[in-house]
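Spelled out from the first residue to the last, the chains are:
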Amino acid sequence: MENYSYWFLLALLLLGLEMATATFYLLVLSVAMAMAGLAALLTVNMTGQLLLCALGVIAGNVVLRRWKKTQIPQDVSLDVGQPVQILSWHDNGTARVMYRGAGWDARLDGQGEQESADLPQDCVFYIKAIHGSCLILTHHKPH
C-alpha cells in the first residue's frame with residue numbers, strides 16, 4: 001500500500017472515534033491526517049507529510065480552543081437550579097443540605113442570620129449560586 005492510503009485510513013479511523021466521543025479534538029487530528037494523506041498523494045516526501053500533519057494539529061487546536069472559549073460561558077454552573085434536601089438548620093441560620101450524595105453547607109439568599117426555629121425544613125429549596133463550598137439557596141427555581 002502507498003503512504004497516502006495509511007494516512008487516509010488513520011484519518012477515517014479518527015473520524016469514526018470522533019463520532020463516538022464528540023470532543024472535536026479527534027476531528028482536528030483526522031483533518032490533519034487527511035492533509036498529510038493529500039500531501040503523500042501529491043508525492044511530497046515523508047518529512048513534508050509529517051510536518052504538514054503536525055502544523056495541521058497545532059493550527060486546529062489553536063482554532064478549536066479559541067472557538068470553545070466563545071461558545072461556553074465560563075461562569076455557568078450546572079448546579080444552579082438543582083433542588084436540595086435540608087438535613088438540618090444551624091443556630092446561625094446556615095443549613096446542612098444533601099446534594100449529589102454528600103452533605104453541603106448552605107444559606108438562604110439575601111437573608112442574614114435567623115433563628116433556626118423560623119426556617120422550614122420540609123420545603124423545596126433550589127441552588128441559586130455557589131460561593132466556595134457553600135450553596136446559596138432560594139425558594140424559587142432560577143432559570
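Reading the values: the criteria
Residues numbered from 1 in each chain as written. Predicted model: local features only at pLDDT ≥ 70, side-chain atom pairs only at ≥ 80, totals over all residues. Heavy atoms only, no water. Helix = DSSP H or I, 4+ residues; strand = E, 2+ residues; numbered from the N terminus. Buried < 20%, exposed > 50% of the residue type's maximum accessible area, 1.4 Å probe, protein only. Contact = heavy atoms within 4.5 Å. Areas by Shrake-Rupley, 256 points an atom, 1.4 Å probe, with all protein chains shown as cover. Pairing = 2+ DSSP bridges. Axes fitted to C-alpha atoms, helices over the stretch in contact; angles between N-to-C directions. Phe/Tyr/Trp six-rings, centres within 6.5 Å; stacked < 30°, edge-to-face > 60°.

Enquirer: With reference to specific residues and values, describe the overall build of the protein chain.
Expert: Within the protein chain, the regular secondary structure consists of three helices and five strands. Starting at the N terminus and ending at the C terminus, the protein chain contains elements arranged as α-α-α-β-β-β-β-β. Burial analysis of the protein chain (143 residues in total) assigns 28% to the buried set. Within the protein chain, residue pairs in contact and separated by at least 24 positions form 49% of the contacts whose partners lie at least 6 positions apart. Only carbon and sulfur atoms are counted for the fraction: they give 62% of the accessible area of the protein chain, which is about 9600 Å².

Enquirer: Which residues make up the sheet that holds strand S4 (residues 125–131), and what values go with them?
Expert: Ordered in space as S1-S2-S3-S5-S4, the five strands form a closed barrel in which the pairing is mixed. The sheet shows a mean angle of 55° between the axes of neighbouring strands, taken without regard to direction. Taken together, the two bridges between strand S1 (residues 83–89) and S4 define a ladder with antiparallel strand orientation. Across the sheet, the residue bridging to Val84 is Phe125, located in S4.

Enquirer: Pulling in residues and values, what's your account of the packing of aromatic side chains?
Expert: Throughout the structure, instances matching the rule amount to four aromatic pairs. Ring centres of Trp89 and Phe125 lie 6.0 Å apart, and the angle between their planes is 75°; this geometry places the pair in the edge-to-face category. With Trp89 in strand S1 and Phe125 in strand S4, this residue pair connects regions lying 36 residues apart in the sequence. Between Tyr99 and Trp104, the aromatic rings sit 6.1 Å apart at their centres with planes inclined by 65°, giving edge-to-face as the arrangement. Like Tyr99, the residue Trp104 is buried in the burial classification.

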